[in-house]
Amino acid sequence: MTSVLKPPHLAPGDTIALLSPAGPKPEVVDRCATVLEKEWGVTVRVGRHAREFHDYLAGTDEQRLADFNAALRDPAVRGIVCVRGGYGSSRLLRGIDWEALRRDPKPFAGFSDLTSVHGAIQTQCGQTSLHSNTIAMSFVQNPPAETARCREDMRRALFTSEPAGELVSATESWKIVGGRAKGQLVGGNLVVFGRLLATPYMPSPEGKIVFLEDVGEEGYRVDGALSQLKLSGWLERTKGVLLGQFTDSDPTEPGRLPVSAALERCLGGLKLPVLGNLPVGHIPNGVSLPLGCEVELDADAGVALALEAPFTQR
């Protein structure tokens, strides 16, 4: 297994940066900061430009990049969490101060469009990170009673060095291809992850288990994204595949390909284990995943286990 760098976990009283590296949602930024300070007992430092609105982006590339690098370079900031996903994170990758993160490793949490940042953290720094719901989705936009598992799971992952253990149970999961595998977890949003191909920010597939999820993509588009990963030779070189939720995806018109059929069609012929229905993705109560850490997949038994925590003791 390739060795990875694990940042120290957070602790109450720490300062964390709340950033908007992708899409805008300025109306919830202050509420996000307030709820984090209350629930986690931390000091939240909101990015200077996190409330900006520039077309479909939370500010210009220069503004979003300035916030990101300021958080990486500030020794008082001990972790970074994101308001929301959307689009635009990949536009920042060339300008991010990866050397600052290598000098001072700190936890990074987010998902969806932030998949590109996770990939870059792994390839540029060899560091673990946390695939977790964004703060707007599970701390502000949905009722606490509907997001309790997500909130507690994210808190545990960021504030302790305890492995998550079971990620999906046999009663929840469904098998596409049987078998067992163990490897480091990579991946995230299917379409965003696939766009990293042929860039220096795409993690290598060797020794990896890839996790994929998406939202609003019909079956034929899921087919196309998975076919790209297969045609490149990337997917077959992994050790296994975990599938999360593909929400808001199935068409209402008759004759259109359901996502479940596209997944079976594209992945059923792989000679490696494939297990679906992890409670992860664009759902309010999703669990967090330790990217860069070793996970174990047993598709025959229908279970997946996280064997490591993403962050280490202080």
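As a starting point, this report considers the structure included with it. (Residues numbered from 1 in each chain as written. Predicted model: local features only at pLDDT ≥ 70, side-chain atom pairs only at ≥ 80, totals over all residues. Heavy atoms only, no water.)

Looking at the overall build of the protein
Inference 1: Per the secondary structure count, the protein includes nine helices and 14 strands.
Inference 2: For 314 residues, the compact-globule formula gives about 20 Å, and the C-alpha radius of gyration of the protein, at 18 Å, lands near that figure.
Inference 3: Its C-alpha atoms give the protein principal-axis dimensions of roughly 50 × 45 × 40 Å.
Inference 4: A burial count over the protein gives 61% of its 314 residues as buried.
Inference 5: Contacts spanning at least 24 positions in sequence make up 81% of the contacts within the protein whose residues lie at least 6 apart. (Helix = DSSP H or I, 4+ residues; strand = E, 2+ residues; numbered from the N terminus. Rg over C-alpha atoms; globule rule 2.2 N^0.38 Å. Buried < 20%, exposed > 50% of the residue type's maximum accessible area, 1.4 Å probe, protein only. Contact = heavy atoms within 4.5 Å.)

Details of the side chain of Lys208
Inference 1: Its place among the elements puts Lys208 in strand E9 (residues 208-215).
Inference 2: Buried within the structure, Lys208 lacks any salt-bridge partner; its nearest side chain of opposite charge belongs to Glu206, at an N-O separation of 6.3 Å.
Inference 3: A polar atom in the side chain of Lys208 sits 3.3 Å from the backbone oxygen of Glu206.
Inference 4: In this view, Lys208 contacts Gln184, Val186, Thr238, Lys239 and Gly240; residues no more than four positions away in its chain are not counted. (Lys, Arg positive; Asp, Glu negative; His and termini not counted. Salt bridge = Lys/Arg side-chain N within 4 Å of Asp/Glu carboxyl O. Polar contact = N/O pair within 3.5 Å; in protein donor to acceptor, adjacent residues only side chain to side chain.)

Here's the deal with unusual backbone geometry
Inference 1: Residue Ser112 is not a glycine yet carries a positive backbone phi of 65 degrees.
Inference 2: Using a relative accessible area of 10% as the deciding quantity, one classes Ser112 as buried.
Inference 3: One non-glycine residue with positive phi stands out, namely Asn277, at about 80 degrees.
Inference 4: Tracing the backbone through its elements, the reader meets Asn277 in the loop between strand E11 (274-276) and strand E12 (289-291).

What to know about the nonpolar core
What tends to happen in soluble globular proteins is that the nonpolar side chains get buried as a cluster.
Inference 1: If you look at the biggest cluster of nonpolar residues, it comprises 49 residues, and the most contacted ones within it are Trp98, Trp234, Val241, Leu243, Leu263, Leu267 and Val274.
Inference 2: No other element matches the five residues that helix H9 (residues 259-267) contributes to this core.
Inference 3: With residues near it in sequence (within four places) discarded, Leu267 still touches Ile176, Val177, Leu226, Leu235, Val241, Leu243 and Val274.
Inference 4: Core analysis: the second largest hydrophobic core is formed by 26 residues, Leu36, Val44, Ile135 and Leu158 among them. (Core = buried A, V, L, I, M, F, W, Y, C linked by side-chain atoms within 4.5 Å.)

Some thoughts on the environment of Ala306
Inference 1: Along the chain, Ala306 turns up in strand E14 (residues 303-306).
Inference 2: Once the C-alpha coordinates of Ala306 and Glu166 are considered, the two residues, 140 residues apart in sequence, prove to be 6.3 Å apart.
Inference 3: In this structure, Ala306 is in contact with Pro163, Ala164, Gly165, Leu167, Pro290, Glu294 and Val295, ignoring residues within four places of it in sequence.

As for the packing of aromatic side chains
Inference 1: Taken as a whole and judged by the stated rule, the model has five aromatic pairs.
Inference 2: Ring centres of Phe68 and Phe108 lie 6.0 Å apart, and the angle between their planes is 40 degrees; this geometry places the pair in the tilted category. Within this pair, whereas Phe68 is found in helix H2 (residues 61-73), its partner Phe108 is found in strand E4 (residues 108-110), the two being separated by 40 residues in sequence. Phe108 shares its class with Phe68; the two are buried.
Inference 3: What links up through ring pairs into an aromatic cluster is the set Trp40, Phe139 and Phe159. (Phe/Tyr/Trp six-rings, centres within 6.5 Å; stacked < 30°, edge-to-face > 60°.)

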